[in-house]
Amino acid sequence: MVKNKDLLSLRLLGGVEGVATALGTNPEKGINGDNEDISKRSQLFGSNTYHRPPPKGFIYFVMGAFKDTTILILLVCAALALGFGIKEHGVEEGWYEGGSIFVAVFLVVVVSALSNYRQATQFDKLSKISKNIKVEVVRDARSQQISIFELVVGDAVFLKIGDQIPADGLFLDGYSLQVDESSSTGDSDHVEVDSEHNPFLFSRSKVEDGCAQMLVVSVGMNTQWGEMMSSISGDSNERTPLQAWLDRLTSSIWREGLLQALVVLVFLLVRYFSGKTKDEHGKKYNGSKTDFGDVFNSVAHIVGTPASILVAAIPVGLPLAITLTLAFSMKRMMAAQAMVRKLSACETMGSATVICTDKTGTLTLNQMKVTKFWLGQEPIEEESYNVVASDIRELFYQAVGLNTTSSVSKPVSGSVPEFSGSPTEKAILSWAVQELGMDMEKVNQRYTILQFETFNSAKKQSGVSIRKKADNKIHVHWKGAAEMILAMCSHYYESNGIVKTMDEDEKRKMENIIHGMAASSLRCIAFAHKRISEEELEYNEDRKTHLKLKEDGLTFLGIVGLKDPCRQGVKEAVKNCKLAGVDIKMITRDNIYTAKSIATECGILKWDNQVERGEVVEGREFRNYTDEERIEKVDKIRVMARSSPSDRLLMVQCLKQKGHVVAVTGDGTNDAPALKEADIGLSMGIQGTEVAKESSDIVILDDNFTSVVTLLRWGRCVHKNIQKFLQFQLTLNVAALFINFISAVSHGEVPLKVVQWLWVNLMMSPLGALALATERSSNELMRRSPLGRKEPIITNIMWRNILLPAVYQIAVVLTLQWKGETIFGVSPEVNNTMIFNIFVLCQVFNEFNARKLEKKNVFEGIHKNRLFLGVVGITIFFHVAMFEFLKKFVDTERLNWKKWVYSTVIAAVTWPIGCMMNLISVVERPFSPQSEGEMDPTGFKSCIQLLLSLVGM
């Protein structure tokens, strides 16, 4: 009944008094309040606490890391390698390969889990509510302070200005009560609460004016706020666009590597069992005459080759590298006024194609401000306020300073006064004080208030009668909706103080002024005045009180137009988003005229005469579309006015169905479902409720839309850096696949051992990712179209940059494997070491090629990126140290300085190859568009087409 504001049901129950009686509550004495009564009420109706999801422990994130496909594949490889290794070489040395894979898995899992756990812990500390709020209740006829968590159904709670309503309830008694329900409804207008028209109060709303006594009817999870929180508490298992692409990429590489490994395994087994190859003792298979142990050992040795192919094919360090890249970017986003709750949101933001934003507090300041002032029929500009006659100015002091429930206070330190009350009242008071020079304290001293009628939502006006102490003159002032006030007037003031009669033509002119201001999305508040005599006061002799205020024959003073102004820089931010190919959709509860005006001012819409049909809709219209109509029209919609939380959720779902990557901004509890459903939920750090923050992926600490654009730029930078890393990583994997396959077929073994492949993957991948993650964002990124959900993450340009260096590495390694001993005059062991050394150094030099995906000069700005150079230096240091201290573990030999020079020179050829490949122009997008549902995560089809085009050149 309370949640639906069902007055009819309430009246059938006997009103608020009937509900209080049913709950055993005396409005004056409260509930019994003894331990037995409190315990019984808690058991029947629950406690005033909320079920928050328990903080996720470190084990949760470890288990999450183990869900990665790459990790599962590596665990299988590790078990096989460990078993066959121990069988072939014994426990002392046989554990090297399998054990090293387990160590690799351990490092990847622990680092990834630690990063996510640390981020989750930081956010829990940020969002945790540590204060224990005290509320005033009456129990057993005694007023007392209790904890908000001790509140029970039936309690009578006292509320005053500034209090947060502690539970859902009904209005018992009070006056001038106005509450802010925006955290639940999204509506910034304050709601008047009384016993007749609206006695309903909601948890987490805030008392903005007046005072009251409330009957508690729902607590904890049974309140509207509690139900909203429970509806969004579950975690979504939906994969982000990046995670989905990486899953497909890993699966594709795994399938291709597995196919190669199986082909090689069959090929080697056929050769062995046909007697064409010898085991390590020089023996050939000779049917039943060959000892079973020798056969088993030979097969175990053969299995090691396809195992190496699998380990080389799988991007072992990819999960760790992505985690490091996102963690590094998260630090930078924090400096850009954004706290990232989920690491994957860093990259997902860069793929956003649509941003659905609310209006109040994000596009606007959430601070009403007087922007227009008409005195009679004359517009008064700010610089012309001094033309207003002093007696007219004094009338405005009376009308604003005395006909109000708000207040002005002067702070102890500082010259700027502080205003309290509703946004509208605060705006008018601020205007009168700062623009008209009103001194509230002096006004209160000069006049005595005789009668005051508070704002009535039905009449949309408030009035006051006052007596000037100096001359006992009596004035009546009315303030309210411009049309209502205008209808009460027969005269109007000019700026010079002259009073003129208002005939029908003059009134029509006034009405046109009001309509023009309303069309500009201004809230029009008018003022009217009349000086009356003592005899004109209607007085009740019995009660010694005034009956009512004069409501006719008034003189029209003027109109102020109030507006929630747009934030500075919002228009430019919206323009930047559009240039970046990102659609902006404003979703608000405001009426369609206000929504259109703000959207036009922000640049979301063109000027009114250029707005196309279907760009502006109301929530009711949108929800009444059929599913097919919604999907067809959703792209064209720019503004949705009068929207409910379910409308916002429906909008997000439709956009995702069309393949968009959707970001949603919000600050209220009502925004939580849409924030949860979106690919990236952006909550506000200042105005945002706890539920909104819990539902979001990123918290914008300054509540500013310009920060959303900064996030978009950084997200694109992260996306670009991940693409650079993938180009770098796939060059390694492509070269490894071909090297191992060709070597296994031709020689029966691969040039690099499993441990060496792991060293390349685990050292080069994370450090390479960290080096490439240091590249900073640029405005150039905001001039590109977003990738969205369906575009492949690996472009044709990337495939060009992958293939040519990979071909060179394949050629070098195979040449050295076949002729290296002759070329350098070295033993097989030293030759294998040089192959390993050259392959690693090729990856180091290839990091420079990966810095710029499209530009010809890959060294541009490198002197400014000291962190990149530092990471490359650390990579080389670890590589050299490995040769000196881990020779036995990785099965290498010590190299003299000449061989190091040879290795470095051969690897450095990667640079001129990188410059050459940038001269070959290819289109960035796939050569042929993908059909609906078609997946080519590695871009294999585009790769084949690219090879054909290169051959054609």
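Residues numbered from 1 in each chain as written. Predicted model: local features only at pLDDT ≥ 70, side-chain atom pairs only at ≥ 80, totals over all residues. Heavy atoms only, no water.

### Let's talk about the overall build of the protein
Phase 1: Of regular secondary structure, the protein possesses 32 helices and 28 strands.
Phase 2: Scored against the burial criterion, the 953 residues of the protein give a buried share of 53%.
Phase 3: Taking the contacts inside the protein whose residues are at least 6 apart along the sequence as the reference set, 73% of them involve residues at least 24 apart. (Helix = DSSP H or I, 4+ residues; strand = E, 2+ residues; numbered from the N terminus. Buried < 20%, exposed > 50% of the residue type's maximum accessible area, 1.4 Å probe, protein only. Contact = heavy atoms within 4.5 Å.)

### A look at the pattern of salt bridges
Phase 1: Going through the model one piece at a time under the given rule, you end up with 13 salt bridges.
Phase 2: A salt bridge links D155 to R139; the nearest nitrogen and oxygen atoms lie 2.7 Å apart. Placement of D155 in the loop between β2 (142-147) and β3 (156-159) and of R139 in strand β1 (residues 134-139) is noted, with a sequence separation of 16 residues between them.
Phase 3: Its relative accessible area of 0% is what places D155 among the buried residues.
Phase 4: By relative accessible area, R139 is classed as buried at 7%. (Salt bridge = Lys/Arg side-chain N within 4 Å of Asp/Glu carboxyl O.)

### Some details on helix α24 (residues 705-747)
Phase 1: Look at α24: 62 Å from first C-alpha to last across 43 residues, which is about the 63 Å you get at 1.5 Å a residue.
Phase 2: Among the 43 residues in α24, 35 count as buried, and that is most of the element.
Phase 3: In the stretch just after α24, G748 is the one whose phi turns positive, near 80 degrees. (Expected span 1.5 Å × (residues − 1).)

### Observations concerning the environment of F58
Phase 1: You can see F58 is positioned in helix α4 (residues 58-65).
Phase 2: Note on F58: relative accessible area 29%, which makes it partly exposed.
Phase 3: Residues F58 and Y117 lie 59 residues apart in sequence; the distance between their C-alpha atoms is 5.9 Å.
Phase 4: In contact with F58, other than residues within four places in its own chain, are A113, L114 and Y117.

### A closer look at the nonpolar core
Phase 1: In this structure, M349, I355, I604, I680, L682, F705 and F839 are the most contacted members of the largest nonpolar core, which totals 110 residues.
Phase 2: Residues F373, A399, L557 and L562 belong to the second largest nonpolar core, which totals 34 residues. (Core = buried A, V, L, I, M, F, W, Y, C linked by side-chain atoms within 4.5 Å.)

### Here's the deal with the pairing of strand β10 (residues 369-375)
Phase 1: Here β10 runs beside strand β22 (residues 554-563); their pairing, made up of 6 bridges, is antiparallel. If you follow L375 over to β22, its bridge partner there is G558.
Phase 2: As defined by bridge partners, β10 adjoins strand β11 (residues 378-379) across 2 bridges and the pair is classed as antiparallel. Across the sheet, residue W374 finds its bridge partner in β11, namely P379.
Phase 3: Where β10 hands over to β11, the hairpin turn is made up of 2 residues, of which G376 adopts a positive phi near 65 degrees. (Pairing = 2+ DSSP bridges.)

### What to know about empty space enclosed by the protein
Empty space among the atoms becomes apparent when a probe as large as a water molecule is rolled across them.
Phase 1: By the definition in use, this model includes 2 cavities of 30 Å³ or more.
Phase 2: Looking at the largest cavity, its volume works out to about 60 Å³.
Phase 3: Around the largest cavity, the lining residues are C356, T357, D358, I587, R648, V652, V664, T665, D671 and A674.
Phase 4: Elements that contribute at least two residues to the lining of the largest cavity include exactly β9 (354-357), α21 (645-657) and β26 (662-666).
Phase 5: Residue classes in the lining of the largest cavity are distributed as 5 nonpolar, 2 polar and 3 charged. (1 Å grid on protein atoms, 1.4 Å probe; cavity = no way out; pocket = protein on both sides within 12 Å on 5 of 7 lines; lining within 4 Å. Points joined across faces, edges and corners; volume = space filled by probe spheres on them. Nonpolar A, V, L, I, M, F, W, Y, C, P; charged D, E, K, R; others polar.)

### Considering the environment of D155
Phase 1: Put simply, D155 and V217 are 62 residues apart on the chain and 8.3 Å apart in space, counted from C-alpha to C-alpha.
Phase 2: If sequence neighbours within four positions are ignored, D155 has contacts with I31, V137, R139, I146, E150, M214, L215 and V216.

Read these as geometric descriptors, not functional statements.
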